[in-house]
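# Residue-level structural notes
Here's the letter readout for the chains.
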Amino acid sequence: MAYSELQRLTERIERIGVAAQTTGRNLSNFEREFNRQIDEINRVIGGSAQKKDRDVTNAFEDARRELREAVEALNYAAEIARKYGRSI
């Protein structure tokens, strides 16, 4: 790979790493508010025996886990991009 191609690739990886970091940070901010809201909903209907209430709380708990995984994946991608850029 020619130097200019490598430089463009490195710059592209660095840009996507910064975007991943920014998105992860924004998603993390959303996650805090989302979790606060879910906790409040669980306090109100968490002990309900009604299926529709359990469906709501289960869906939110699933979303909470997926959201955490997305934040972690974006942060990991950003870290790998930074390491890659420093290694070139």
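Everything below is about the structure shown above.
We now turn to the structure provided with this report.

### A closer look at the pattern of salt bridges
- Applying the stated criterion to the full structure yields 11 salt bridges.
- One salt bridge in this structure joins Arg 64 and Asp 39, with 3.0 Å as the shortest N-O distance. Of this pair, Arg 64 sits in helix 2 (residues 51–87) while Asp 39 sits in helix 1 (residues 3–45); the two residues are 25 residues apart in sequence, bridging distant segments of the chain.
- Two residues, Glu 79 and Lys 83, come together in a salt bridge whose shortest N-O distance is 4.0 Å. Residue Glu 79 and its partner Lys 83 are located together in helix 2, separated by four residues, close to a single helical turn.

### Quick look at the packing of aromatic side chains
- Tallied over the full model, the rule gives two aromatic pairs.
- Ring geometry for Phe 30 and Phe 34: centres 5.4 Å apart, planes at 25°, overall stacked. Of this pair, Phe 30 and Phe 34 both sit in helix 1, four residues apart, which is roughly one turn of the helix.
- Take Phe 30: its relative accessible area is 45%, and that puts it in the partly exposed class.
- A centroid spacing of 6.1 Å and a plane angle of 85° characterise the contact between Phe 34 and Phe 60, whose relative ring orientation is edge-to-face. In this pair, Phe 34 is assigned in helix 1 and Phe 60 in helix 2, connecting sequence segments 26 residues apart.
- Judged by relative accessible area, which is 28%, Phe 60 ranks as partly exposed.
- Counting every residue linked through ring pairs, the aromatic cluster contains Phe 30, Phe 34 and Phe 60.

Rules used throughout
Residues numbered from 1 in each chain as written. Predicted model: local features only at pLDDT ≥ 70, side-chain atom pairs only at ≥ 80, totals over all residues. Heavy atoms only, no water. Salt bridge = Lys/Arg side-chain N within 4 Å of Asp/Glu carboxyl O. Helix = DSSP H or I, 4+ residues; strand = E, 2+ residues; numbered from the N terminus. Phe/Tyr/Trp six-rings, centres within 6.5 Å; stacked < 30°, edge-to-face > 60°. Buried < 20%, exposed > 50% of the residue type's maximum accessible area, 1.4 Å probe, protein only.

Remember, this is a structural readout, not a statement about activity or role.
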